[in-house]
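# Understanding the architecture of this molecule
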Amino acid sequence: MTIDLILFVGLALISIMAAIAMIVSRNAVYSVLFLVLNFLTVATLYLLLNAAFIAIVQITVYAGAIMVLFLFVIMLLGTERESIGGRIRWQIPLAIVLGLALAGELAFVLLRNDIAQGSLADLSVEFGSPASIGRVLFSEYLVPFEVTSILLLVAMIGAIVITQKQRREGK
Amino acid sequence: MVLLEVVQGGGLFAYAPLIIALPILGLITNIIFGRRLGERFAGIVASGAVALAFVIAILQFLALQVHPEGVTIPIAEWISVGSLSIPWSIKVDTLSTTMMLMVTCVSMLIHIYAIGYMHEDVRFQGDPGRYARFFIFFNLFVAAMMVLVSADNYLMMFVGWEGVGLCSYLLIGFWYEKGEDGIGNAVAGKKAFITNRIGDFGFLIAMFLIFGAVGSLQFDQVFHWVHEQGLANVGVISVATLFLLLGATGKSAQLPLFVWLPDAMAGPTPVSALIHAATMVTAGIYMIARSAPLFDVAQSTANLVAWVGAVTALFAATIAVGQFDIKRVLAYSTISQLGFMMAAVGIGAYVAGMFHLVAHAFFKALLFLSAGSVIQGVEHGHHHIEHGDGKPFEPQDMRNMGGLRSRMKVTYWVYLIGALALAGLPPLAGFFSKDEILADANMENMGVYILLAAAAFLTAFYMGRQILMVFFGKARSEAAAHATENPPVMTIPLIALAGLAIFGGVLNLPGVHKLTDWLARTIEHVHATEFNVLVAGLSVLFALIAIGFSWQLYGRKTMKEGDPDPLRKILGPIFVGMENKWWVDELYDFLFIRPYVAISWFLADVVDWRFWHDWFHDSVLGSAYRNGSRWLAQVFDLGIIDGIGNGLGNITDWGSQRLRVLQTGYVRNYALAVLVGGLLVLSYFIFG
Amino acid sequence: MNIPPAYVLTLSGILFALGVIGVLIRRNAIVIFMSIELMLNSANLALISFARTLAPAQEAFRGHVFVFFVIAVAAAEVAVGLALIVAIFRSKESIDVDEVSSLRG
């Protein structure tokens, strides 16, 4: 039991429980906050996995911007509460069963994979640093980078257009 | 001269086909133009055609003088099937030319007579438009008769046989809407046709037998076979000739098939004269004469022929004595004289038979035409006095005549000549011809002779009776009192025929025997009959005695209006029998017609209509069909086929109702379905 | 840090399954959306894990770059998605996805 493993297991448990809590929580705001916790634990895992840049991006963009956007919308729509159950009877049990099946299958595959069994090599500090990521990003993956920026622009415009109030005719 | 050279070269024979073609041409012309171009045109065309045919016949006669063995002129191949070959050829020999000459000559005279007679008749009957039709049928008859006499095989003869039978039917029923009950004439025509048909049936069977035995129907081939193998096949020949006799009996009105001829008097008088006295009825005699070789071998049948002829002669003569219709007397007289001819050919006296045939044609046609003249004269008289009391007037009843001697002179004299010829007084033609028959009968068959002599006696008697009743004494009716003579177009042919009746005897005068020699070229075993003074003298004596009897009864004290016939008192019931033709028609009606009609009624009504149509068709077939189609419609079509159609629809509906459940509209359900699919694919990749 | 990649990947799988369950169970559209983000996140975790496994090979960076783009696209997607939810809310007055069932057959 190395310290790595203990850290990992603890973080894993926290993230799993946060995910479960997000799912079952009645209050939408609570769901958001639990998801944020999940993201934070995953970011910590990223750090453990030598992905420093990504970890910070996760926290700033995902947890900081996206989740805040979720919160804004929840506040805007004012739908914190949700009624219990649903109109579809078999949905919830079936979903849980099938979800667990999915999990089982994935575990089954991933735990037997050779590549996943070995130990990890030692790395320098440079691995996963912003500099190294940036170097690759702006050389090899320049086009996807630019396209992504356009994508973000389009998304912005789209979001504004969709939520525009309808103009009345002849005004 | 040129004609002699041509005749000697035999070129005239080539004209023979015209003898059939000319009358046909005449009738076609009349069909197309007859109605439009008027009575005179129709009459002249028809008479002219027959007159030209007579000229052709004379040419054949001349040609035969040089080539007496005759020729056969082929025209076309009619039937050629397997071993049966029936060509259509014209046989010009002495026998056929005799017939051709007689038929065309008499036909020509009668056609001319008919021009005048029919002019009156169509107006009397009320349909002037029918004039042309008469001459069309008349010409058709002549054409058919020519086919009959010129045939060179039995089947072609049969074609002509049937043709004349058809024309006889058409002409008897010429006024088809008149007669008793409005159909009397048509019924008479039908009777003639059907009775003839029975005879035709005999002719057909005979042809089948001959063909079966010989393999051919050509005269020369059949006679050749008879010469070679006749004696070995007497049985077949006897049966065949028996059936030929049946055919002749029908056509020539002998016992038992004579009943049609008196009824045939319903036709116009020229028809009676031509067809039922001179030509068609002689076809049977001609046919037997032509088949002489067969009858020579089949002696038993020949004997039967003679007896049939003799009995018919006497039987018909007795009936003629009791008749009051002027044409009926002549009709029965014809039957009787045909009996004479039949008896002659039966005993082998072919020449005598043919001689009498020709002579009889002359004076019987004369008598009929004169009778027609008398009838028309009386009708004229009837019209003159304007139908005073409205009683139906019978112009043909002799009891309404009398004293016409002074009013219709020409008619009287020619009628007298004809009657005396028929009675057999020398030197008229009838004496020589009838006497030859009696002489031959005396030699060959005494029984036949006795019957024929008795018939001759009665013949003279009833002709005397007729003359006295019609022309002598006082007129017994207003019409007769005003009767008028007829125009020359009618009287001139009468005079011509009277001339033939007077001088016709030269054909075969005893000692000269022209006709015998002539016919000997064609018929074998012909011998010249010696003149038997005893027989001749007896026959003349009997005739004079008979005429004397008639004078006693009808001339001394002529009948007055309303008087009964003097014979009625003398003979009593026998006379009643004579008057009623011995009830032969009634007997036939009882024996044959009634059962036949009953059977056919039964077959038509019960079997055909009620059983077959009503029960079988309607109930059995009809209902089976209806049930079948009902089954098909309801069970099969509605039930099964519609069921399949509807069923498919229902299944689709049911299926879609069930599948509808999946379309919940909830996104989460659809997402679940996606998950399920993804899991399956994943499982496949992991485990499969 | 020497964490067996298998465990990280297993964690990724479990998080993914939880995200799927969340999508299928919840009726609140926003919570469903968040479950989708959870799924994306678990995929990112798997990518980073593989990148660490392949390190220090040159192509290991690809994992990080991929995750970078995933996060960017996720951000764009969230923006548009939430705008959609807002628009639906305007017409339906509810973000219960069970209300959006007019295609029910």
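What comes next concerns the included structure. (Residues numbered from 1 in each chain as written. Chains lettered and ligands numbered in written order. Predicted model: local features only at pLDDT ≥ 70, side-chain atom pairs only at ≥ 80, totals over all residues. Heavy atoms only, no water.)

## A look at the overall build of chain B
What counts is decided by this rule: Helix and strand definitions here come from DSSP, where helices need a minimum of 4 consecutive H or I residues and strands a minimum of 2 consecutive E residues; each element is numbered from the N-terminal end. A 1.4 Å probe rolled over the protein chains alone gives each residue an accessible area, and that area as a share of the maximum for its type sets the label: buried under 20%, exposed over 50%, partly exposed in between. Contacts are assigned to residue pairs that have any heavy atoms within 4.5 Å of one another. Reported accessibility uses the Shrake-Rupley method at a 1.4 Å probe radius. Residues are deemed covered only where the shown protein chains occlude them.
A count of helical and extended segments in chain B gives 27 helices and 2 strands. Classification of the 688 residues of chain B by burial places 53% in the buried group. Sequence-distant contacts in chain B: of pairs separated by 6 or more residues, those separated by 24 or more amount to 80%. Put simply, chain B shows about 29100 Å² of open surface, and 68% of that area lies on carbon and sulfur atoms.

## Considerations on the overall build of chain C
Helix and strand content of chain C: 3 helices and 0 strands. Each helix and strand of chain C, ordered N terminal to C terminal, gives the series α-α-α. Residue pairs in contact within chain C that sit at least 24 positions apart in sequence constitute 60% of those at least 6 positions apart. With the model as given, the accessible surface of chain C reaches about 3600 Å², and the carbon-plus-sulfur share is 68%.

## Let's talk about the packing of helix α2 (residues 18-66) of chain B against helix α4 (residues 131-150) of chain B
Residues and elements named next belong to chain B. The line we're drawing: Every axis in this analysis is a line fitted to C-alpha atoms, fitted for helices over the stretch in contact. Angles between the N-to-C directions lie between 0 and 180 degrees. An angle counts as roughly parallel when it lies under 35 degrees, as roughly antiparallel when it exceeds 145, as roughly perpendicular when it falls between 65 and 115, and as oblique in every other case. Under this grouping Gly is polar, as are all residues other than the nonpolar Ala, Val, Leu, Ile, Met, Phe, Trp, Tyr, Cys and Pro and the charged Asp, Glu, Lys and Arg.
Interhelical geometry of α2 versus α4 gives an angle of 175° and a closest axis separation of 8 Å. Judged by the angle between their axes, α2 and α4 are roughly antiparallel. For the contact of α2 with α4, the per-class residue count stands at 19 nonpolar, 6 polar and 3 charged.

## Considering a nonpolar patch on the surface
Definition in use: Distance thresholds for patches are 9 Å for like charges and 5 Å for nonpolar side chains (Val, Leu, Ile, Met, Phe, Trp, Tyr), applied to residues having over 30% relative accessible area and no salt bridge. Salt bridges are counted wherever a side-chain nitrogen of Lys or Arg sits within 4 Å of a carboxyl oxygen of Asp or Glu.
A contiguous nonpolar surface patch, about 750 Å² in accessible area, is contributed by W631, L632, V635, F636, I640, I641, I644 and L648 of chain B. Classification of I640 of chain B as partly exposed rests on a relative accessible area of 41%.

## What to know about the interface of chain A and chain C
Quick reminder of the rule: Summed over both partners, the accessible area (1.4 Å probe) lost when two parts come together is defined as the buried area.
Every contact between the two is made by 86 residues of chain A and, on the other side, 72 residues of chain C. Here chain A meets chain C over a buried area of about 7400 Å², counting both sides, of which 77% is carbon and sulfur. Connecting chain A to chain C are 0 salt bridges. Listing elements by their share of the side of chain A that touches chain C, those giving two or more residues are α1 (3-24), α2 (28-48), α3 (52-77), α4 (91-112), α5 (130-137) and α6 (142-162) of chain A.

## Details of the pairing of strand β2 (residues 84-92) of chain B
All names here are of chain B. We apply this condition: The criterion for strand pairing is that DSSP finds at least two bridges linking the strands in question.
Note that strand β1 (residues 71-81) and β2 share 9 bridges and pair antiparallel. Across the sheet, residue T72 finds its bridge partner in β2, namely K91. Where β1 folds back on β2, the antiparallel hairpin that results is connected by 2 residues, among which G82 adopts a positive phi of roughly 55°.

## Overview of the pattern of salt bridges
Residue and element names in this part refer to chain B. Taken as a whole, this structure holds 7 salt bridges over all chains when the rule is applied. Here R197 makes a salt bridge to D200, at a shortest N to O gap of 3.0 Å. Taken as a pair, R197 and D200 lie in helix α6 (residues 184-214) at a separation of 3 residues, close to a single helical turn. Residue classification places R197 among the partly exposed positions, given a relative accessible area of 38%. Residue classification places D200 among the buried positions, given a relative accessible area of 4%. Among the ionic pairs, R594 bridges to D589, the shortest N-O distance being 3.1 Å. Looking at R594, the relative accessible area reads 54%, which means it is exposed.

## Thoughts on the nonpolar core
Stated precisely, the cut-off is as follows: Take the buried Ala, Val, Leu, Ile, Met, Phe, Trp, Tyr and Cys residues and link them wherever side-chain atoms come within 4.5 Å; each set so joined is a nonpolar core.
Core analysis: the biggest nonpolar cluster contains 195 residues, and Y154 and L404 of chain B have the highest contact counts within it. Ranked by the residues each element gives to this core, the list is headed by helix α15 (residues 350-384) of chain B, at 19 residues. Excluding its chain neighbours within four sequence positions, the residues that come into contact with L404 of chain B are V374, V378, V470, F471, A480 and A483 of chain B. Grouped together as the second largest cluster of nonpolar side chains are 81 residues, A28, I133 and V136 of chain A together with L679 of chain B included.

## Observations concerning the interface of chain C and chain B
Inclusion rule: In protein, a polar contact means a hydrogen-donor-capable atom and an acceptor-capable atom, both N or O and within 3.5 Å, with residues adjacent in sequence counting only if both atoms are side-chain atoms; elsewhere, any N or O pair within 3.5 Å suffices.
Each partner contributes residues to the interface: chain C has 13 residues there, and chain B has 9 residues. Overall, the association of chain C and chain B removes approximately 990 Å² of surface from exposure, summing both partners, and the carbon and sulfur fraction of that is 56%. There are 0 salt bridges connecting chain C and chain B. Taken together, the links from chain C to chain B amount to 2 residue pairs in polar contact (both at pLDDT 80 or more). Each residue belonging to the side of chain C that touches chain B can be placed in one class, and the counts come to 7 nonpolar, 2 polar and 4 charged.

## Concerning the environment of A455 of chain B
Positionally, A455 of chain B belongs in helix α19 (residues 446-471). Discounting chain neighbours no more than four positions away, the residues touching A455 of chain B are A313, L314, A317, S336 and F340 of chain B.

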